[in-house]
Amino acid sequence: MRAVLFDLDGTLVDSAPDIHAGVNAILAEEGVAPLPFATVRGFIGGGVPVLMTRVIAATGMEPARHGALCARFVERYEHDPGGLTRPYEGVEEALDALADLPLGLCTNKPEGPTRALLSHLGWQGRFSVIVGGDTLPVRKPDPAPLHEAMRRIGGGEVLFVGDSEVDAETARSAGVPLLLFTQGYRSTEVAALPHLAAFDHWSALPALVRGR
(Lines give C-alpha, C1' and ligand atoms only; values in the text may rest on other atoms or scores of the structure.)
Protein backbone atom coordinates (compact mmCIF):
# COMPACT_ATOMS: atom_id res chain seq x y z
CA MET A 1 0.00 0.00 0.00
CA ARG A 2 1.34 3.43 -0.93
CA ALA A 3 1.94 5.70 2.09
CA VAL A 4 1.97 9.50 1.98
CA LEU A 5 4.03 11.76 4.22
CA PHE A 6 3.29 15.47 4.39
CA ASP A 7 5.11 18.61 5.38
CA LEU A 8 2.89 20.89 7.48
CA ASP A 9 3.59 24.65 7.28
CA GLY A 10 3.13 25.98 3.77
CA THR A 11 1.90 22.59 2.58
CA LEU A 12 -1.20 21.54 4.52
CA VAL A 13 -1.73 24.84 6.30
CA ASP A 14 -0.95 28.50 5.86
CA SER A 15 0.54 29.20 9.28
CA ALA A 16 2.53 32.30 8.30
CA PRO A 17 0.05 34.73 9.94
CA ASP A 18 0.37 32.96 13.31
CA ILE A 19 4.15 32.67 13.02
CA HIS A 20 4.37 36.37 12.12
CA ALA A 21 2.16 37.31 15.07
CA GLY A 22 4.21 35.14 17.43
CA VAL A 23 7.51 36.60 16.28
CA ASN A 24 6.27 40.17 16.65
CA ALA A 25 4.78 39.48 20.08
CA ILE A 26 8.20 38.32 21.25
CA LEU A 27 9.88 41.31 19.63
CA ALA A 28 7.45 43.61 21.44
CA GLU A 29 8.37 41.98 24.74
CA GLU A 30 12.02 42.61 23.88
CA GLY A 31 11.35 46.26 23.02
CA VAL A 32 12.24 45.64 19.36
CA ALA A 33 10.33 47.01 16.37
CA PRO A 34 8.08 44.52 14.56
CA LEU A 35 9.07 42.81 11.32
CA PRO A 36 6.89 42.97 8.18
CA PHE A 37 4.77 39.94 7.31
CA ALA A 38 6.65 39.26 4.06
CA THR A 39 9.96 39.22 5.91
CA VAL A 40 8.85 36.68 8.51
CA ARG A 41 7.11 34.57 5.87
CA GLY A 42 10.42 34.31 4.07
CA PHE A 43 12.07 33.01 7.24
CA ILE A 44 9.76 29.94 7.50
CA GLY A 45 10.89 26.46 6.59
CA GLY A 46 13.95 25.52 8.62
CA GLY A 47 12.29 25.11 12.01
CA VAL A 48 12.19 27.39 15.04
CA PRO A 49 16.00 27.61 15.50
CA VAL A 50 16.48 28.78 11.91
CA LEU A 51 13.51 31.16 12.21
CA MET A 52 14.96 32.78 15.31
CA THR A 53 18.46 32.96 13.84
CA ARG A 54 17.00 34.94 10.94
CA VAL A 55 14.89 37.13 13.25
CA ILE A 56 17.97 37.95 15.34
CA ALA A 57 19.96 38.81 12.23
CA ALA A 58 17.16 41.02 10.89
CA THR A 59 16.68 42.94 14.13
CA GLY A 60 20.21 43.15 15.47
CA MET A 61 19.35 41.41 18.73
CA GLU A 62 22.08 39.72 20.71
CA PRO A 63 22.78 36.21 19.29
CA ALA A 64 23.17 34.89 22.84
CA ARG A 65 19.39 35.36 23.20
CA HIS A 66 18.75 32.63 20.62
CA GLY A 67 17.99 29.74 22.96
CA ALA A 68 15.67 31.76 25.20
CA LEU A 69 13.79 33.22 22.22
CA CYS A 70 13.30 29.77 20.70
CA ALA A 71 11.92 28.43 23.97
CA ARG A 72 9.52 31.36 24.34
CA PHE A 73 8.31 31.02 20.77
CA VAL A 74 7.60 27.28 21.17
CA GLU A 75 5.83 27.84 24.50
CA ARG A 76 3.70 30.58 22.99
CA TYR A 77 2.80 28.42 19.99
CA GLU A 78 1.78 25.47 22.19
CA HIS A 79 -0.62 27.71 24.15
CA ASP A 80 -2.03 29.53 21.11
CA PRO A 81 -1.37 27.22 18.16
CA GLY A 82 -3.65 28.31 15.37
CA GLY A 83 -5.86 31.33 15.78
CA LEU A 84 -4.83 32.64 12.37
CA THR A 85 -3.75 29.35 10.75
CA ARG A 86 -5.99 27.86 8.07
CA PRO A 87 -5.78 24.73 5.91
CA TYR A 88 -5.28 25.47 2.25
CA GLU A 89 -8.42 25.18 0.14
CA GLY A 90 -9.21 21.53 -0.60
CA VAL A 91 -6.82 20.02 1.96
CA GLU A 92 -9.44 18.35 4.13
CA GLU A 93 -11.26 16.90 1.13
CA ALA A 94 -7.97 15.54 -0.23
CA LEU A 95 -7.08 13.97 3.12
CA ASP A 96 -10.54 12.41 3.28
CA ALA A 97 -10.03 10.96 -0.20
CA LEU A 98 -6.72 9.41 0.91
CA ALA A 99 -7.90 8.21 4.31
CA ASP A 100 -7.57 4.55 3.29
CA LEU A 101 -3.78 5.03 2.94
CA PRO A 102 -1.21 5.36 5.73
CA LEU A 103 -0.69 9.11 6.23
CA GLY A 104 2.00 10.83 8.29
CA LEU A 105 3.71 14.15 8.96
CA CYS A 106 7.36 15.07 8.58
CA THR A 107 7.70 18.71 9.61
CA ASN A 108 10.32 21.03 11.04
CA LYS A 109 7.74 22.40 13.48
CA PRO A 110 8.49 20.96 16.95
CA GLU A 111 6.27 18.09 18.05
CA GLY A 112 4.53 20.02 20.83
CA PRO A 113 3.28 22.86 18.62
CA THR A 114 2.50 20.37 15.85
CA ARG A 115 0.24 18.32 18.09
CA ALA A 116 -1.33 21.47 19.53
CA LEU A 117 -2.13 22.69 16.02
CA LEU A 118 -3.55 19.32 14.97
CA SER A 119 -5.80 19.37 18.03
CA HIS A 120 -6.89 22.94 17.24
CA LEU A 121 -7.81 21.88 13.70
CA GLY A 122 -9.56 18.67 14.82
CA TRP A 123 -6.97 16.59 12.95
CA GLN A 124 -5.80 14.40 15.85
CA GLY A 125 -6.73 11.15 14.07
CA ARG A 126 -5.64 11.99 10.55
CA PHE A 127 -1.96 11.03 10.79
CA SER A 128 -0.58 7.80 12.20
CA VAL A 129 2.99 9.11 12.28
CA ILE A 130 4.36 12.50 13.39
CA VAL A 131 8.05 13.35 13.09
CA GLY A 132 8.70 16.93 14.17
CA GLY A 133 11.63 19.26 14.16
CA ASP A 134 12.75 18.10 17.60
CA THR A 135 12.00 14.37 17.23
CA LEU A 136 15.59 13.70 16.15
CA PRO A 137 18.81 15.65 16.73
CA VAL A 138 18.62 16.85 13.09
CA ARG A 139 15.91 18.50 10.99
CA LYS A 140 15.05 18.66 7.31
CA PRO A 141 16.76 19.00 4.83
CA ASP A 142 18.75 16.24 6.52
CA PRO A 143 17.04 13.08 5.22
CA ALA A 144 17.00 11.40 8.65
CA PRO A 145 13.56 12.75 9.72
CA LEU A 146 11.96 11.56 6.49
CA HIS A 147 13.66 8.18 6.82
CA GLU A 148 12.38 7.95 10.41
CA ALA A 149 8.84 8.79 9.30
CA MET A 150 9.11 6.12 6.59
CA ARG A 151 10.29 3.57 9.15
CA ARG A 152 7.44 4.39 11.53
CA ILE A 153 4.81 4.23 8.80
CA GLY A 154 5.95 0.77 7.77
CA GLY A 155 8.25 1.33 4.81
CA GLY A 156 7.22 0.28 1.34
CA GLU A 157 6.33 2.78 -1.36
CA VAL A 158 6.21 6.32 0.02
CA LEU A 159 5.46 9.71 -1.48
CA PHE A 160 6.38 12.99 0.20
CA VAL A 161 4.24 16.11 -0.22
CA GLY A 162 5.92 19.45 0.44
CA ASP A 163 6.12 23.05 -0.68
CA SER A 164 9.63 24.38 -0.28
CA GLU A 165 13.30 24.18 -1.16
CA VAL A 166 13.84 22.42 2.17
CA ASP A 167 11.29 19.75 1.26
CA ALA A 168 12.74 19.28 -2.22
CA GLU A 169 16.25 18.80 -0.84
CA THR A 170 14.97 16.45 1.86
CA ALA A 171 13.14 14.28 -0.66
CA ARG A 172 16.13 14.23 -3.02
CA SER A 173 18.53 13.26 -0.23
CA ALA A 174 16.17 10.58 1.05
CA GLY A 175 15.50 9.14 -2.40
CA VAL A 176 11.74 9.74 -2.08
CA PRO A 177 9.49 11.13 -4.85
CA LEU A 178 8.18 14.63 -4.08
CA LEU A 179 4.77 16.01 -4.94
CA LEU A 180 5.31 19.78 -4.84
CA PHE A 181 2.52 22.12 -3.71
CA THR A 182 3.26 25.37 -5.54
CA GLN A 183 1.25 27.81 -3.40
CA GLY A 184 3.31 27.53 -0.21
CA TYR A 185 6.48 29.23 0.99
CA ARG A 186 8.76 28.37 -1.94
CA SER A 187 10.87 31.19 -3.41
CA THR A 188 12.65 29.16 -6.12
CA GLU A 189 11.11 28.51 -9.54
CA VAL A 190 9.22 25.20 -9.66
CA ALA A 191 11.33 23.95 -12.58
CA ALA A 192 14.51 24.39 -10.51
CA LEU A 193 13.34 22.02 -7.76
CA PRO A 194 13.46 18.21 -8.16
CA HIS A 195 9.93 16.78 -8.01
CA LEU A 196 7.81 13.99 -9.42
CA ALA A 197 4.83 16.28 -10.04
CA ALA A 198 3.61 19.73 -9.02
CA PHE A 199 0.10 20.88 -8.13
CA ASP A 200 -1.43 24.24 -7.28
CA HIS A 201 -4.72 23.08 -5.75
CA TRP A 202 -5.34 20.22 -3.37
CA SER A 203 -8.14 18.80 -5.50
CA ALA A 204 -5.39 17.46 -7.79
CA LEU A 205 -3.51 15.51 -5.12
CA PRO A 206 -5.54 12.28 -4.77
CA ALA A 207 -5.15 11.46 -8.47
CA LEU A 208 -1.42 12.19 -8.31
CA VAL A 209 -1.01 9.90 -5.31
CA ARG A 210 -2.97 7.09 -6.92
CA GLY A 211 -1.20 7.53 -10.24
CA ARG A 212 -4.19 8.32 -12.39
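Residues numbered from 1 in each chain as written. Predicted model: local features only at pLDDT ≥ 70, side-chain atom pairs only at ≥ 80, totals over all residues. Heavy atoms only, no water.

Student: Is there a simple way to explain empty space enclosed by the protein in this structure?
Tutor: This structure, assessed with the given rule, holds 1 cavity of 30 Å³ or more. For the largest cavity, the calculated volume is near 250 Å³. In terms of lining residues, the largest cavity is bounded by 22 residues, among which D9, I44, G45, G47 and K109 are the most central. For the lining of the largest cavity, the secondary-structure elements that each account for two or more residues are α3 (48–59), α4 (66–79) and α8 (165–174). At 3 residues, α4 tops the list of elements feeding residues into the lining of the largest cavity. (1 Å grid on protein atoms, 1.4 Å probe; cavity = no way out; pocket = protein on both sides within 12 Å on 5 of 7 lines; lining within 4 Å. Points joined across faces, edges and corners; volume = space filled by probe spheres on them. Helix = DSSP H or I, 4+ residues; strand = E, 2+ residues; numbered from the N terminus.)

Student: Just checking my understanding: could you explain the pairing of strand β4 (residues 103–106) for this structure?
Tutor: Two faces belong to every sheet, and in a regular strand the side chains alternate between them. Residues L103 and L105 point to one face of β4 and G104 and C106 to the other, with burial holding for every one of them. Sheet analysis places strand β1 (residues 3–6) next to β4, joined by 3 bridges and oriented parallel. Bridge assignment links L5 to a residue of β4, and that residue is G104. Strand direction decides the pairing type here: β4 and strand β5 (residues 129–131), joined by 3 bridges, are parallel. Bridge pairing in β5 links C106 to V131. After leaving β4, the chain enters helix α6 (residues 111–121) and then returns to the sheet as β5, a path that is right-handed. (Buried < 20%, exposed > 50% of the residue type's maximum accessible area, 1.4 Å probe, protein only. Pairing = 2+ DSSP bridges. Right-handed = clockwise from strand over helix to strand, strands pointing away.)

Without other data, these values stay purely geometric and don't point to any function.
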